[in-house]
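Read off the chains here:
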Amino acid sequence: MLTDQQARIALKELVGKYLNGIAPDCQLLIELIEDSSQPVPVRGVLEDIRQYAAPDTRSKNWNTLTTAYTSSDEAGSCQPLR
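Here's what I pulled together on the structure shown here. Here the structure is a predicted model, which means the values were calculated and not measured.

Quick look at helix 2 (residues 26-34)
- Burial in helix 2 covers these residues: C26, L29 and I33. End-on view of helix 2: buried residues confined to an arc of 60°, all on one side of the axis.
- Looking at the buried side of helix 2, the elements it contacts are helix 1 (4-19) and helix 3 (42-52).

Points about helix 3
- Listing the buried residues of helix 3 in full gives V42, V45, L46, D48 and I49. Down the axis of helix 3, the buried set is contained in an arc of 160°. They therefore lie on one face.

A short note on the nonpolar core
- Residues L11, V15, L19 and V45 are the most contacted members of the largest nonpolar core, which totals 14 residues.
- When contributions to this core are tallied by element, the ones reaching two or more residues are helix 1, helix 2 and helix 3.
- Residues contacting L19, with those up to four places away along its chain left out, are L14, C26, L29, V45, D48, I49 and Y52.

About the cut-offs
Residues numbered from 1 in each chain as written. Predicted model: local features only at pLDDT ≥ 70, side-chain atom pairs only at ≥ 80, totals over all residues. Heavy atoms only, no water. Buried < 20%, exposed > 50% of the residue type's maximum accessible area, 1.4 Å probe, protein only. Helix = DSSP H or I, 4+ residues; strand = E, 2+ residues; numbered from the N terminus. Arc of directions from axis to C-beta. Contact = heavy atoms within 4.5 Å. Core = buried A, V, L, I, M, F, W, Y, C linked by side-chain atoms within 4.5 Å.

Printed below as a string of structure tokens:
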């Protein structure tokens, strides 16, 4: 399992790779990721990637991954469902 700091770094990389210049709320997501007083916004980033990213990231495997992570508890857990 990732620490909060590791998860925040990974999410910033995902935002840069898939959302930078595409998603209108990209800067807001980065601010939320950097705000250590808030839970790590895994769901928000994955939902935006699903909504705005290129069609090749919308494969069955990607949807399975995002569903597993976004269905987890609201506390920002980074563990996949089993």
